[in-house]
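Chain by chain, the residues run as shown.
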Amino acid sequence: MSDPASLRVCCWRELPPTLEPDSVDLLYAAPPFNTGRTQRADAGSYTDSWPDTAAWITWLRERLEATLPALSPAANILLHVDWRTSHHARLLLDDLLGPDRFVNHIVWSYGLGGSSPRRFARKHDDILFYTLDPQRSYFEPPMVPATSNRMKGELKKATDVLSIPAINNMAGERTGYPTQKPLALLELLVGACCRPGGTVLDPCCGSGTTLVAAARLGRCAIGCDINPGAVEIARARLSAI
């Protein structure tokens, strides 16, 4: 790629046939979660509803199958979902890739939202980490601040529970696009799972956080979204780097 980022308005299923085979080193996808409602915020909205979980899984399977030929032989896959579908999505990835390609079930603990008087508060998302070749795939353990008194002021290797705050209404990086992920989360994931100079693909890029993280870390990025407003926001963020 001559440019560090390629971005277009299209749906996920339309993008893979336009990509070079074996060209993507990391697929990060945070598809709609099938919440059954329209996600709205100041800068945009999108419909997030399927008839049932089986229909959502069928939709996801078609897109993952179409994307696999674009992945390099040692590519990593990060599928970002939540409590509604994470168990179904893991079975899907086991079926497509094989259970021996599973690496981690990462928990992103974000603190905001999810409170209820009738259940434990839901305050995390699930990120399923798979690789196409466990012996060849890239992984650089991310370092995070230690929390114990013994290691105060030092860094330690991150665990599979990532405590990173969600974006609040006053955050400078906030774009106003619904379900925007924090840059700190995507920089940690991209830095850990994509080699320097490699290519990251985000087929549901929304406000472009994955693409921004890749560009900041010296990786190439390919993204698309069916929503023209999302792509406009992502392009503006990339042009500011």
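Heads up: these notes are all about the structure in this document. (Residues numbered from 1 in each chain as written. Predicted model: local features only at pLDDT ≥ 70, side-chain atom pairs only at ≥ 80, totals over all residues. Heavy atoms only, no water.)

### Some details on the pairing of strand β11 (residues 199–202)
- Because side chains alternate across β11, one face comprises the buried residues T199 and L201, and the other comprises V200 and D202, equally buried.
- Here strand β2 (residues 24–29) runs beside β11; their pairing, made up of 2 bridges, is parallel. Along β11, the bridge assignment pairs L27 with L201.
- Bridge analysis of β11 against strand β12 (residues 220–225) gives 4 bridges, and the strand direction is parallel. Counted as the bridge partner of V200 is A221 from β12.
- This β-α-β element, β11 to helix α4 (residues 209–216) to β12, shows right-handed connectivity. (Buried < 20%, exposed > 50% of the residue type's maximum accessible area, 1.4 Å probe, protein only. Helix = DSSP H or I, 4+ residues; strand = E, 2+ residues; numbered from the N terminus. Pairing = 2+ DSSP bridges. Right-handed = clockwise from strand over helix to strand, strands pointing away.)

### Describing the pattern of salt bridges
- Under the definition given, this model contains 10 salt bridges.
- Here D25 and R195 are joined by a salt bridge, their closest N and O atoms 3.4 Å apart. Of this pair, D25 sits in strand β2 while R195 sits in the loop between α3 (183–193) and β11, placing them 170 residues apart in sequence.
- Taking relative accessible area as the criterion, D25 reaches 11% and is therefore assigned buried.
- In this structure, E65 and R61 form a salt bridge, with 3.7 Å as the shortest nitrogen-oxygen distance. Residue E65 and its partner R61 are both found in helix α1 (residues 53–67); the two are separated by 4 residues, about one turn of the helix. (Salt bridge = Lys/Arg side-chain N within 4 Å of Asp/Glu carboxyl O.)

### Regarding the sheet that holds strand β5 (residues 71–81)
- Judged by pairing direction, the sheet is mixed, and its 8 strands sit side by side in the order β1-β12-β11-β2-β5-β7-β6-β10 without closing on themselves. The open sheet terminates on both sides in strands that have one partner only, identified here as β1 (5–9) and β10 (161–163). Geometrically, the sheet is characterised by an average inter-axis angle of 15° between neighbouring strands, direction not taken into account.
- Those strands touched by helix α2 (residues 86–97) are β5, β6 (102–109) and β7 (124–131), and its axis lies near 5° from that of β7.
- Each of β1, β2, β11 and β12 touches α4; the most contacted strand, β12, lies at about 170° to it. (Axes fitted to C-alpha atoms, helices over the stretch in contact; angles between N-to-C directions. Contact = heavy atoms within 4.5 Å.)

### Topic: the packing of α1 against α2
- For the pair α1 and α2, the least separation of the axes is 11 Å and the interaxial angle reads 35°. In this structure, α1 crosses over α2, and the sense of that crossing is right-handed. Between α1 and α2, the contacting residues are T53, I57, L60, R61, L64 and E65 on the first element and H88, A89, L92, L93, D95 and L96 on the second.
- For the contact of α1 with α2, the class distribution of residues is 7 nonpolar, 2 polar and 3 charged. (Left-handed = near helix turned anticlockwise from the far one by under 90°. Nonpolar A, V, L, I, M, F, W, Y, C, P; charged D, E, K, R; others polar.)

### Structural notes on the packing of aromatic side chains
- Considering all chains together, one arrives at 6 aromatic pairs under this definition.
- Look at Y46 and Y177: their rings are 6.4 Å apart centre to centre, the planes differ by 25°, and that puts the pair in the stacked class. Residue Y46 is found in strand β4 (residues 44–48), and its partner Y177 is found in the loop between β10 and α3; the two are separated by 131 residues along the sequence.
- Since its relative accessible area comes to 6%, Y177 is described here as buried.
- Of the aromatic side chains, those joined through ring pairs into one cluster are W12, W50 and W59.
- Lying across the ring of F102, R90 places its NZ or CZ 3.7 Å from the centre.
- Sitting above the plane of the W83 ring, R122 keeps its charged end 3.7 Å from the centroid. (Phe/Tyr/Trp six-rings, centres within 6.5 Å; stacked < 30°, edge-to-face > 60°. Lys NZ or Arg CZ within 6 Å of the ring centre and 35° of its normal.)

### A closer look at the nonpolar core
- L78, L185 and L189 are the most contacted members of the largest nonpolar core, which has 31 residues in total.
- Listed by contribution, the elements that provide at least two residues to this core are β2, β6, β7, α3, α4 and α5 (228–239).
- Sorting elements by how many residues they give to this core places α3 first, with 8 residues.
- Apart from the residues lying within four places of it in its own chain, the contact partners of L78 are L26, L27, Y28, A29, I106, I127, L128, F129, L189 and C193. (Core = buried A, V, L, I, M, F, W, Y, C linked by side-chain atoms within 4.5 Å.)

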